[in-house]
Amino acid sequence: MTEQGFFTEATSAEVVISRNAKAKDARLAEVMAILTKHLHAAVKEIEPTEAEWFEAIKFLTATGHMCTDWRQEFILLSDVLGVSMLVDAINNRKPSGASESTVLGPFHVADAPELPMGSDICLDQKGEPMLVRGTIRSTDGTPLANAKIDVWQANDEGFYDVQQKGIQPDFNLRGVFRTGADGSYWFKGVKPRFYPIPDDGPVGKLLAALGRHPYRPAHLHYIIEAPAHARLVTHIFDPDDPYIGSDAVFGVKESLLAKFQTITDPAEIKKAGFDKPFFLVEHDFILAPQ
């Protein structure tokens, strides 16, 4: 018996929470109280059979067994439940006018090479050529000089270089750039393709059981940093992608849609440094002062 009485169906959450009253960390106690309250409420609403509850435990066990040094199935579970994007939204509330963030994703490489502005990040020359350009500014419109832009993308088959060791060159479709005095940036790549999140584990089986696909729409990744400004982790997306309205991890935001324009004019092709039609993607980013 506790100060809250015996454990019953009616008092279950209160009794469990009371047992944590001596927690050394007040934040931990607060978090566990909220989780306990909502978990018990969900169980009461669902009224699972003991067999159903055991199936849930087996699912979580299988999720843990799927985790390795290079794969985190629990992060994937967080992603497909929309929790990763919710945590991102809470931790990256932006002032009016600032570019929105989205999830980092699992394929960022910290030591990508810094390249001269305008370089081609496609090292194997596979896929449809693309020119990406825009400007980095502060919320007051000031161009941000020497802003660091870390970019990476999947190839035309939907794979990142780290997924195809020995097939793609190391650091293929990755690069770090620095803006000039006017805050402008530009680089070359290839038009990315949609791709599935890893769906060969318990999270993939859950998606299939729910009638959901595992695909992410085509996108480019950015991490943008500038002195005295908040770091921005974001994507830009192809609005014409077949999965643009049903991203498996809920990462798409309307403000992050960028037109992928096909350029066929010979003069424009030559000016851009290509020898065939290419895609032009123009997107500006606004950083919030820190």
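One can find the structure itself at the top, above this paragraph.
The shown structure was predicted, so the numbers you read here are calculated from the model rather than taken from an experiment.

Asks: Teacher, can you tell me more about the packing of aromatic side chains here?
Replies: Note on aromatic pairs: each is described by the distance of the centres and the angle between the planes. All chains considered together, the criterion is met by 11 aromatic pairs. Measuring from centroid to centroid gives 4.6 Å for Y222 and F285, while their planes differ by 50 degrees, and the two rings are tilted. Taken together, the residues span a long stretch of sequence, with Y222 in strand β7 (residues 219-225) and F285 in strand β11 (residues 285-287) at a distance of 63 residues. For the pair formed by Y222 and F285, the shared burial category is buried. The rings of F177, Y185, F187, Y222 and F285 are connected pair by pair, giving a single aromatic cluster. For K188, the ring lying beneath its charged end belongs to F274, and the centroid distance is 5.0 Å. The aromatic ring of F194 is capped on one face by R193, whose charged end is 4.3 Å from the ring centroid.

Asks: So what exactly am I meant to see when it comes to the packing of helix α1 (residues 12-19) against helix α2 (residues 26-46) here?
Replies: Axes are the key here: two packed helices are described by the angle between their axes and the distance separating the axes. Running from N to C, α1 and α2 point in directions that differ by 155 degrees, and their axes come no closer than 9 Å. Here α1 lies roughly antiparallel to α2, going by the angle between them. Considering the relative orientation of α1 and α2, their crossing is right-handed. Contacts between α1 and α2 involve S12, A13, V16 and I17 from the first element and A33, T36, K37, H40 and K44 from the second. Here the contact of α1 with α2 is built from residues that sort into four nonpolar, three polar and two charged.

Cut-offs applied
Residue numbers run consecutively from 1 along every chain, following the written order of its sequence. Confidence filtering applies because this is a predicted model: local features only for residues at pLDDT of at least 70, side-chain atom pairs given and counted only at 80 or more, and all residues used for totals across whole chains, interfaces and linings. Just so you know, side-chain values use all the structure's heavy atoms and leave hydrogens and water out. Centres within 6.5 Å are what make two rings of Phe, Tyr or Trp a pair, Trp counting through its six-membered ring; a difference in plane orientation under 30 degrees is then read as stacked, over 60 as edge-to-face, and the rest as tilted. Helix and strand labels come from DSSP, where a helix needs a run of H or I of at least four residues and a strand needs a run of E of at least two; each type is numbered from the N terminus. For every residue, the accessible area obtained with a 1.4 Å probe (protein chains only) is divided by the maximum for its type, and the residue is called buried under 20%, exposed over 50%, and partly exposed between those limits. Two thresholds decide whether a charge sits over a ring: the Lys NZ or Arg CZ must be within 6 Å of the ring centre and within 35 degrees of the ring normal. Axis geometry follows a simple rule: fit a line to the C-alpha atoms, using only the stretch in contact for helices, then measure angles between N-to-C directions, giving values from 0 to 180 degrees. Note on angle classes: values under 35 degrees are labelled roughly parallel, values over 145 roughly antiparallel, values of 65 to 115 roughly perpendicular, and the remainder oblique. Crossing handedness follows the turn of the near helix against the far one: under a right angle anticlockwise gives a left-handed crossing, and clockwise gives a right-handed one. Any two residues having at least one pair of non-hydrogen atoms within 4.5 Å are treated as being in contact. Each residue gets one label: Ala, Val, Leu, Ile, Met, Phe, Trp, Tyr, Cys and Pro are nonpolar, Asp, Glu, Lys and Arg are charged, and the others, such as Gly, are polar.

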